[in-house]
Amino acid sequence: MGFREDVMSEFCLFGKSLSHSISPLIHKVIYRELGIKNLYSLMEFEYDDLNFYMDKLKKATIKGANVTIPYKVDVMEYVDFIDEDSKNIGSVNTLVNMGGRISAFNTDYYGIEETLKKYIRSNTRVLILGYGGAARPIITYLINSGVSKVYIASRQKRKDYGIIKFIDYSSIKDIEGDIIINTTPVGMYPNVNESPISNLGIDEGEVYKNFKIAFDLIYNPLETRFLKDAKKYGLISLNGLKMLVYQAIFACKYFLNTDFDKEFSEKIYSRVKEIIYSKKKIISFVGMPGGGKSTIGKLISKSLGYDYIDLDDFIEEFSGESIGYIFETYGEEYFRNLESRCLDILMSRKNMVISTGGGCILKSHNREILKKNSFVIYLDWDVENIVSSVDLSNRPLLRKDKARIYNIEKERKHLYEDVSDVIVDNNRCLDDIVTSCMEILNFLKIRL
Ligand code: NAP
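### Here's the deal with the site of the ligand
1) Next: Every one of the 22 residues lining the ligand counts as a neighbour, but Gly133, Ala134, Ser154, Leu217 and Gly240 are closest to it.
2) Next: Within the backbone of Gly133, a nitrogen or oxygen atom sits 2.9 Å from an oxygen atom of the ligand.
3) Next: Note that an oxygen atom of the ligand is positioned 3.2 Å from one of the side-chain N or O atoms of Arg158.
4) Next: When isolated, the ligand has an accessible area of 910 Å², and the protein chains bury 77% of it.

In structure tokens, the structure reads:
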């Protein structure tokens, strides 16, 4: 994905493979709750371009970036300030641009703290599986909290230090403790039937019976094989969603240079959970006329095995008249009322992908019912691309004056952003756009 300087993207995520990311969704919930109109976009690039992007971050209008795999360590050499905890952790995930000076923080630490704090005592013993990037802030947090012992199962031989003892996977059934934490990617979508314990070929009960709590950093799926098995043996199970949401909340504190109270943070976490756990079985596409909603909507409906409905086609079928005729004969207000009526009817259905007309979001009633009943995707396409590659001659509002599309975009962009759960950058090839949508939808669908 390119770096679009024409887009006022205030914050973004740097990483290598981001199409599955739900960070934009979380940030959207935060900004919506704060009543501010920031954009949060995905900046996907290869290692060789890191220098270029860090330079852009210093110079461009971007105020801050989150950083994910595999750049959490490498970005540290480009920044002007790293806070003490992050230095100890050895990686950062939040970069803030303050007038060209970049400060770096690790907010995964706070996500871990929010997840674990109520279970931690001075005599707590923890077994961590895997010793990669995400294990480091956990270790720092556990040491800072004064726990008594941390065992780390690693595939490599490593040197013990302080309360940290490295063990081989062959001896994990001999470890007794309170909390067992999976920081390996084993069990992540699509390999959902795997777990770092079941892969060992030992009686897994022998491991789980020694612990009270299982925490898996993975959040896709929300309930991994590791957590399912742990539950079978009576352990409390914690997934990686709280960590993910709270690291984003803390990143926003740095981005916006503000503080959020406990109540606000809990509200955000609860709102994200509502979206993610909801069993919405309607996917709605919104966006500018000619912005690809029908083409992409059809492809997505096919992949999901859902019905596909084009709202304009449904209006024509329902009324027995063409959109052009309705506009010319009865005017826009009549059309908008009819559109609302049809949307009300369709929103009672299930297993459906719907592409809405470009102006559907103008009525607040429509925005409310779209938000309430469906998962809304805004296909964000540069207006210049629409003008240069789409035939607008059959669009009622543009037929006579194509240049009007620029004003229409200005009027509507914030409404598309407001109504949507996620914004998908449409300035890419069709395959990439469909893949981005499907990655997000598969994540949501996996628990339906
Ligand atoms: P990473 O740096 O690649 O580290 C993962 C570690 O797991 C590796 O260093 C390795 O440790 C071990 N490992 C890797 N493949 C394995 C395999 N096939 N079998 C057994 N062990 C294996 O990745 P990471 O950044 O730490 O991320 C790890 C997981 O945490 C991912 O699933 C990621 O999505 C998740 N995560 C979640 C959040 C959140 O907010 N919830 C945040 C960050 C990461 P050894 O070499 O020591 O065995």
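### Some words on helix H14 (residues 364-373)
1) Next: Taken as a whole, H14 has its buried residues at Asn366, Arg367, Ile369 and Leu370.
2) Next: If you follow the buried residues of H14, they end up packed against strand S13 (282-286), helix H13 (332-346), strand S16 (375-380) and helix H16 (404-419).

### Description of a nonpolar patch on the surface
1) Next: Taken together, Tyr325, Tyr330 and Tyr334 make up a surface patch of nonpolar side chains, about 310 Å² in accessible area.
2) Next: Looking at the secondary structure, you find Tyr325 in helix H12 (residues 323-330).
3) Next: The partly exposed category is assigned to Tyr325, whose relative accessible area is 43%.

### What to know about empty space enclosed by the protein
It is a probe the size of a water molecule, rolled over the atoms, that shows where empty space is left.
1) Next: The full count for this structure, using the stated rule, is 2 cavities of 30 Å³ or more.
2) Next: When its volume is computed, the second largest cavity comes out at roughly 30 Å³.
3) Next: Around the second largest cavity, the lining residues are Asp83, Asp85, Ser86, Ile89, Phe105, Asn106, Tyr109, Tyr110 and Tyr254.
4) Next: Secondary structure elements with two or more residues in the lining of the second largest cavity: helix H3 (84-89) and helix H4 (108-116).
5) Next: Take the lining of the second largest cavity: its biggest share by element is 3 residues, from H3.
6) Next: Looking at side-chain class alone, the lining of the second largest cavity contains 5 nonpolar, 2 polar and 2 charged residues.

### Some details on the nonpolar core
Buried together is how nonpolar side chains tend to be arranged in soluble globular proteins.
1) Next: Ranked by size, the top nonpolar core spans 78 residues in total, and within it Ile128, Ile300, Phe375 and Ile377 carry the most contacts.
2) Next: Here this core gets 11 residues from one element, more than from any other, and that element is helix H8 (residues 241-256).
3) Next: Residues in contact with Phe375, not counting those within four places in the same chain, are Leu25, Ile275, Lys280, Ile282, Ile283, Ser284, Asp421, Val422, Ile440, Leu441 and Leu444.
4) Next: Judged by nonpolar contacts, the second largest core, of 33 residues, contains Phe327, Phe335, Ile361 and Leu370.

### Re the sheet that holds strand S4 (residues 81-82)
1) Next: Read from one edge of the open sheet, 6 strands run S2-S1-S3-S5-S6-S4, paired in mixed fashion. Taken across any chain shown, the strands that pair with only one partner, and hence form the sheet edges, are strand S2 (40-44) and S4.
2) Next: Bridge count for S4 against strand S6 (residues 101-105) is 2 bridges, and the pairing is parallel. Residue Ile82 lies in a different strand from S6, and its bridge partner there is Ala104.
3) Next: Sheet strands touched by helix H2 (residues 50-59): strand S1 (11-15), S2, strand S3 (64-67), strand S5 (94-98) and S6. Its angle to S5, the strand with the most contacts, is close to 40°.
4) Next: Lying over the sheet, H8 contacts S1, S2, S3, S5 and S6, oriented at roughly 10° with respect to S5.

Procedures and definitions
Residues numbered from 1 in each chain as written. Predicted model: local features only at pLDDT ≥ 70, side-chain atom pairs only at ≥ 80, totals over all residues. Heavy atoms only, no water. Near = heavy atom within 4 Å. Polar contact = N/O pair within 3.5 Å; in protein donor to acceptor, adjacent residues only side chain to side chain. Areas by Shrake-Rupley, 256 points an atom, 1.4 Å probe, with all protein chains shown as cover. Buried < 20%, exposed > 50% of the residue type's maximum accessible area, 1.4 Å probe, protein only. Helix = DSSP H or I, 4+ residues; strand = E, 2+ residues; numbered from the N terminus. Contact = heavy atoms within 4.5 Å. Patch = residues over 30% accessible without salt bridge, like charges linked within 9 Å, V, L, I, M, F, W, Y side chains within 5 Å. Salt bridge = Lys/Arg side-chain N within 4 Å of Asp/Glu carboxyl O. 1 Å grid on protein atoms, 1.4 Å probe; cavity = no way out; pocket = protein on both sides within 12 Å on 5 of 7 lines; lining within 4 Å. Points joined across faces, edges and corners; volume = space filled by probe spheres on them. Nonpolar A, V, L, I, M, F, W, Y, C, P; charged D, E, K, R; others polar. Core = buried A, V, L, I, M, F, W, Y, C linked by side-chain atoms within 4.5 Å. Pairing = 2+ DSSP bridges. Axes fitted to C-alpha atoms, helices over the stretch in contact; angles between N-to-C directions.

Keep in mind these numbers describe shape, not what the thing actually does.
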